[in-house]
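# Commentary on secondary and tertiary structure
Residues per chain are reported as follows:
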Amino acid sequence: MRNTSATQLLFELSQPGRRGALLPKCDVPVQALASLLPEGAISEQPPQIPELGEPDVVRHFTNLSTLNMSVDTHFYPLGSCTMKYNPKRNEREASLPGLLHLHPYQREETIQGLLALLSELQDMLAEISGLPAVSLQPAAGAHGEWTALMVAAAYFRDRQEKRTKVLAPDSAHGTNPASARMAGFDAVSVKSRANGYVDLDDLRSKLDDQTAVFMITNPSTLGIFDEQIAEIAEMVHTAGGLIYLDGANMNAILGVTRPGDFGADMMHFNPHKTFSGPHGGGGPGAGPICVTETLGAFLPTPVVVRNGEQYAFDGNRPKSIGRVRSFFGNVGVLVRTYCYLRTHGADGLRRVSENAVLNANYLLSQVRHFLPSPQGERCLHEFVASAADIKKERGVSAMDIAKRLLDYGYHAPTVYFPQTVPEAMMIEPTETESKDTLDAFAATLFKITGEADDLLHDAPHSTRISRPNEVQAARKPVLKWSPAASDA
Amino acid sequence: MPYILNTPDEQHAMLEAIGVSSLDDLFTSIPSALRLDRPLEMGPALTEMELSRHMAELAARNQPAGEKVCFLGGGSYDHFIPAVVDAIASRGEYYTSYTPYQPEVSQGNLQAMFEYQTLICQLTAMDVSNASLYDGGSATAEAVLMAMSVTKRSGKVLVLDSVHPEYRQVLETYLENLDTELVTVASANGGDVKNIAVENIAAEIDANTACVVVQSPNFFGCLEDVETLARAAHEKGALLVMVFDPISLGLLKRPGEMDVDIVVAEGQSLGSPMSFGGPYLGIMACRERFVRRLPGRIAGETVDRRGRRCWVLTLQTREQHIRRDKATSNICTNQGLFALRATIYLAAMGPQGLRETSELCLQKAHYAAAELTKSERFTLAFEQPFFQEFVVRDRAGDVEGLMQRACGEGLLAGVPLGRWYDDLSDCFLVTVTEKRTRAEIDRLVRSLSGVSEQAAIPA
Ligand SMILES: Cc1ncc(COP(=O)(O)O)c(C=O)c1O
């Protein structure tokens, strides 16, 4: 049944002289190229990209697609990524010509519907976060982190304070310290305790008048709520610093608690996680940020403002950090976010979190007997199981188990993150999975832990390829196809 | 709730298994003082039918390209998108998957990334490409950060003022806290100033300059003297970063043949809708020797345990999840689906399709420029050769009036430049893609010059 032609590359399918797209004849008087462009500016040959027909292209990419696992086809409990169902209606609404074919430099009077949508989205995100000032511009979570840190830097500059450090727990996502560095700060790691809470003594020892921001992920990357948060916020604020909330885990607390109410000054959302924006095999996402009123003055330009019944862009913001990307933002993603929020309403969003947390706790209750979780018996939207015992007893790693899951038709959990838990397997079922699916998944995990070591070391067995040689890929990088290599 | 599967009975059974009595009990780890004691305030939930109606109403309050004839450009273009792009990119196996962390079940995405990287190298004649960044503006900033890291120079960065003004603003933001001086060099204000720009730039490059940033065709649509600039930069040990237009490379000389070190582009024109500015994709490619300083995901070829060719994410020690604050960038989520669109687009167009597309843009833009400047009211602001867009100076100085009037007549006529360039407040940028017909161009000319009969032209 399987079509092997999928694994040929486009370049190997190319036939000289074959064509896909045909273009209309030029309907204006054609002038000699040499009369329009200087000699030397023109390339004699067009780029040597492959020559294919439309049926070639369709079959190639359709067959290739079947080599992917996806939310539409598989349970995808990839922790921290919130791989929930991506509603089809959102795709349809975002494709309305009245939204899809707008040019970013159209006159404001021709985009009032879009501006109304963006303005309402700003309001909804402010309400969900408890932080009133919103920028929809950042292109992804990491971009939102960096944008907010730039806002913090501008705020301290405005107060004529020079603060050089950004603190984040060792369990933080890699983007946190990386964003700190890009924003011109030194990234300082703060210890977390075995249960995933921030080590307050360590935090205290690192907090000083050089600390600009403490970045915290709460619920944390272990899927727990750090109940010390009020105390942490108090400590950081007393030291004159700001709290940044990495909102990647907002799926646990929608309508339950708000970052602005538990001490955060700034945060980002990941709409491509929490609000079901599809992840697109790597992106696009969006990374809207919400900040306090005071910090609002420093947000990137422009923001959408409402003047009576009219909407406009406000670009006159003297304290703004400026622009963080071209044009307004990943609007297509924001439209989907809007659809998602309007579909749920306040009650629906709370149900989302309740059921995400219910599913995660249920799954935890079914697996912790054979895959212990360092964080204990309870979690919020996700939990981290550790294969450290099995690794010690039998040499079977988290990676082995993850790979074997693929054979049973499940995407693997996130493995080896957070780095603070040995042999970590971070499992996030999301609210859009059923008890049946969770039961079957738990049973499969249990079965796997009883399978022969070699079977696990060599897994997966049923996928198109077995484990790739990643060392070779990095040592001798082959990053593009070349004709010579394929002849050999 | 529309997407929650568990029935009340199932929920009950699950709570029991967990050992709690209610959903609320699942949240006891959140101190009650911090919990929200009221419902969120937002509009009521909408069913699919209601949402559909509501969105149609919002969309009806916009006037998109298609309803209006679009002559707007400046980094976002109304190019034709073949149906195969949407048909394939809307397959759930692509758009509902995550970044390919498990290569055994992501070969579709990984192979498409590898094909994308290859196509970008073929298009630009550069050695290596990453798998996409966010957009043209942030890609430009990332290229500059990369140049600073490659050259170990962080004192100064030079940028021509003909580079997209928003990209320059983004760059300014990225450099704000890094003690790097961003120097903007005037390039083109009327007349044949191309050599002046090169001289200005050459004089500014010093031993602490990381790179020079040039765009060609530039924001005004004109070609820059990239080769001379590259030479000037290299003489002082700086890199040349070039912003290019992917469609123009169906026709124009490729950056890799002009000694450019890092190229970046807005990839929207390769099969992505305008979507009010995003999501698009940032293209970035560079010389082989800089590969370990490239930001973002990269797919690489390898073999599996049975020796079969396959693809993985590679050179990951550059990235944030391994190197944290020492990473080449903080980027994690990129624009994968839009890189896939670009891949499908290029595969569908082929070399001839791409060549003809760029020739149509070139011919139609020149026809439009010639027709427009038949009116006494309009002149071209720049004399340099241009590709698919050009700057028109309104001698009556009423750009706003012209644009407003044209809009009423169903035309998105141009992008006024005064908001970015004080000396071009009487100018607007007109873009003509392959989609524009002669009839549409003639309509534009009639609308704009028709107004000229009423407006006073200074003698
Ligand atoms: C905890 C956490 N923080 C930040 C990010 C970065 O978000 P993005 O990938 O949208 O840039 C992620 C996801 O990748 C994450 O899981």
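Note that the structure is predicted; figures quoted are calculated from it, not measured. Throughout this document, residue positions are counted from 1 along each chain, in the order its sequence is written. Labels are handed out in written order, letters beginning with A for the chains and numbers beginning with 1 for the ligands. Residues qualify for local features only when their pLDDT is at least 70, as the model is predicted, and side-chain atom pairs are given and counted only at 80 or more; totals for whole chains, interfaces and linings, by contrast, use all residues. No hydrogens and no water enter the side-chain calculation; it runs on all heavy atoms of the structure.

The helix and strand tally for chain A stands at 18 helices and twelve strands. Each radius of gyration reported is based on C-alpha atoms, and the globular scaling rule is 2.2 Å times the count of residues to the power 0.38. In summary, chain A has a C-alpha radius of gyration of 25 Å against a globular reference of 23 Å for 488 residues, a match within 12%. Viewed in the frame of its principal axes, chain A has a C-alpha envelope of about 75 × 65 × 45 Å. Exposure classes here rest on a 1.4 Å probe applied to the protein chains alone. A residue is buried below 20% of its type maximum, exposed above 50%, and partly exposed in between. Counting over 488 residues, chain A shows a buried share of 66%. Contacts between residues were defined by any pair of non-hydrogen atoms, one from each residue, lying within 4.5 Å. Residue pairs in contact within chain A that sit at least 24 positions apart in sequence constitute 70% of those at least 6 positions apart. Computed with the Shrake-Rupley method and a 1.4 Å probe, the accessible areas treat only the protein chains shown as cover for residues. Surface exposure of chain A reaches about 16300 Å², of which carbon and sulfur atoms provide 49%. The convention is simple: Lys and Arg are positive, Asp and Glu are negative, and His and the chain ends are not counted. To locate a charge, take atom NZ for lysine, CZ for arginine, CG for aspartate or CD for glutamate. Taking the 45 positively charged and 55 negatively charged side chains of chain A as two groups, their mean positions are separated by 2 Å. Put simply, DSSP marks the helices as runs of H or I at least four residues long and the strands as runs of E at least two long, and each gets a number from the N terminus on.

Of regular secondary structure, chain B possesses 13 helices and 15 strands. With 459 residues in all, chain B has 67% of them scored as buried. In chain B, once contacts between residues fewer than 6 apart in sequence are set aside, the share between residues at least 24 apart is 71%. Surface exposure of chain B reaches about 14700 Å², of which carbon and sulfur atoms provide 48%. In chain B, 42 positive and 60 negative side-chain charges are present, and the distance between their average locations comes to 5 Å.

Now for the domain arrangement of chain B. All names here are of chain B. Each assigned domain of chain B is listed here: domain 1 (68–77 + 350–456) and domain 2 (83–346). The C-alpha centroid of domain 2 is placed 28 Å from the C-alpha centroid of domain 1. In this complex, domain 1 contributes 30 residues to the contact, which on the side of domain 2 involves 33 residues. A 1.4 Å probe defines the accessible area here, and the buried area is the portion of it lost by two parts on being joined, summed over both. Together domain 1 and domain 2 conceal approximately 2700 Å² of surface at their shared face, both sides included; 61% is due to carbon and sulfur atoms. It is Leu354, Gln384 and Tyr421 that lose the most area in domain 1 upon contact with domain 2, and together they represent 24% of the buried surface on that side. Whenever Lys or Arg places a side-chain nitrogen within 4 Å of a carboxyl oxygen from Asp or Glu, that contact is recorded as a salt bridge. At the junction of domain 1 with domain 2, the criterion picks out zero salt bridges. We define a polar contact as two N or O atoms separated by no more than 3.5 Å, with the added condition that, inside protein, one atom must be a possible hydrogen donor and the other a possible acceptor, whereas residues neighbouring each other in sequence contribute only through side-chain atom pairs. If you look at where domain 1 meets domain 2, you find eleven residue pairs in polar contact (both at pLDDT 80 or more). Residue ranges for the domains originate in an automatic or database domain assignment.

For the structure shown, the criterion picks out 57 salt bridges over all chains. Linking Arg306 of chain A and Glu309 of chain A is a salt bridge whose minimum nitrogen-to-oxygen distance equals 3.3 Å. The partner of Asp304 of chain B in a salt bridge is Arg308 of chain B, and the shortest N-O contact between them spans 2.9 Å. Residue classification places Arg308 of chain B among the partly exposed positions, given a relative accessible area of 28%. When salt bridges with common partners are traced through the structure, they connect Asp347, Arg350, Arg351 and Glu354 of chain A together with Asp24 of chain B into a single cluster.

By nearness alone, 15 residues border the ligand, and Ser80, Asp246, His272 and Lys273 of chain A together with Thr333 of chain B come closest of all. Think of it this way: one heavy atom of a residue within 4 Å of a molecule or strand is enough to make that residue near it. Nearby residues around the ligand are contributed by chains A and B. Relative to its unbound accessible surface of 380 Å², the ligand loses 99% to contact with the protein. Sorting elements by how many residues they give to the shell around the ligand places helix H7 (residues 141–158) of chain A first, with three residues. All residues other than Ala, Val, Leu, Ile, Met, Phe, Trp, Tyr, Cys, Pro, Asp, Glu, Lys and Arg, Gly among them, are scored as polar; the first ten of these are nonpolar and the last four charged. Looking at the shell around the ligand, its residues break down into five nonpolar, seven polar and three charged.

Attention now moves to helix H1 (residues 8–18) of chain B. Residues of H1 of chain B that are buried: Glu10, Gln11, Met14, Leu15 and Ile18 of chain B. Buried residues along H1 of chain B cover an arc of 140 degrees about the axis, so they all sit on one side. Facing away from the buried side of H1 of chain B by over 90 degrees, the exposed positions are Asp9, His12 and Glu16 of chain B. Along its buried surface, H1 of chain B packs onto helix H12 (331–367) and helix H15 (435–449) of chain A. The directions from the helix axis to the C-beta atoms form the arc being described.

Take the sheet that holds strand S11 (residues 414–415) of chain A next. Residues and elements named next belong to chain A. Ordered in space as S10-S12-S11, the three strands form an open sheet in which the pairing is antiparallel. Every interior strand has two partners, whereas the edge strands, strand S10 (383–386) and S11, have only one. Between any two strands, pairing holds if DSSP finds at least two bridges. Here S11 pairs with strand S12 (residues 424–427) via two bridges, running antiparallel. The partner of Thr414 across the bridge, within S12, is Met426.

On to the interface of chain B and chain A. The parts lose accessible area when they come together, and the size of an interface is often stated as this lost area. Taken together, the contact pairs 191 residues of chain B with 208 residues of chain A. At the boundary of chain B with chain A, the tally comes to 102 residue pairs in polar contact (both at pLDDT 80 or more). Per-element accounting of the side of chain B that touches chain A gives the leading share, 25 residues, to helix H11 (residues 336–372) of chain B. Among the residues forming the side of chain B that touches chain A, the class breakdown is 94 nonpolar, 59 polar and 38 charged.

What follows concerns the sheet that holds strand S6 (residues 239–244) of chain B. All names here are of chain B. In spatial order, the strands read S2-S8-S7-S6-S5-S3-S4; together these seven strands make up an open sheet with mixed pairing. The strands lining the two open edges of the sheet, one partner per strand, are strand S2 (128–129) and strand S4 (181–185). Alignment of strand S3 (residues 156–160) against strand S5 (residues 209–215), held across four bridges, turns out to be parallel. For Val159, the partnering residue across the bridge sits in S5 and is Val213. Fitted lines through C-alpha atoms give the axes, limited to the stretch in contact for helices. The angle between two N-to-C directions lies from 0 to 180 degrees. Sheet contacts for helix H9 (residues 226–235): S3, S5 and S6; angle to S6, the most-contacted strand, approximately 155 degrees.

With that settled, consider unusual backbone geometry. Across the junction of Ser216 of chain B and Pro217 of chain B, the peptide omega takes the value -10 degrees, indicating a cis bond. In this structure, Pro279 of chain B follows Gly278 of chain B across a cis peptide bond, with omega equal to 0 degrees. The topology assignment puts Pro279 of chain B in the loop between strand S7 (262–266) and strand S8 (282–286). The backbone of Glu423 of chain A shows a phi angle near 50 degrees, a positive value even though the residue is not glycine. As for its position among the elements, Glu423 of chain A is in the loop between S11 and S12.

What follows concerns the pairing of S4 of chain B. Residues and elements named next belong to chain B. As defined by bridge partners, S3 adjoins S4 across five bridges and the pair is classed as parallel. Within the sheet, the bridge partner assigned to Val157 lies in S4 and is Leu182. Place the viewer so that the strands point away; then a crossover is right-handed whenever the path from the first strand over the helix to the second strand goes clockwise. With helix H7 (residues 165–175) bridging S3 and the parallel S4, this β-α-β connection has right-handed handedness.

Glancing now at the environment of Leu270 of chain B. All names here are of chain B. Considering the arrangement of structural elements, one finds Leu270 in the loop between S7 and S8. In this structure, the C-alpha to C-alpha distance between Leu270 and Arg443, residues 173 residues apart in sequence, is 27 Å. Sequence-distant contacts of Leu270, that is, excluding residues within four places in its chain, are made with Leu123, Pro246, Ile247, Ile283, Arg341, Ala342, Tyr345 and Leu346.

Residue and element names in this part refer to chain B. Note on placement: Arg318 falls in the loop between strand S10 (309–313) and helix H10 (320–323). A residue is classified by how much of its surface remains accessible, and Arg318, at 4% relative accessible area, is buried. Once you skip the residues sitting within four places of it in the chain, Arg318 turns out to touch Val291, Arg292, Leu294, Pro295, Gly296, Arg297, Ile298, Ala327 and Thr328.

Taken as a class, soluble globular proteins show a tendency for nonpolar side chains to be buried jointly. Core analysis: the largest hydrophobic core is formed by 149 residues, its most contacted members being Phe61, Val213 and Met266 of chain A together with Val213 and Ile262 of chain B. Looking at this core element by element, the count peaks at 14 residues for H11 of chain B. Definition of nonpolar core: a set of buried residues of the types Ala, Val, Leu, Ile, Met, Phe, Trp, Tyr and Cys, connected through side-chain atoms within 4.5 Å. Met83, Ile229, Cys379 and Ala387 of chain A belong to the second largest nonpolar core, which has 120 residues in total.

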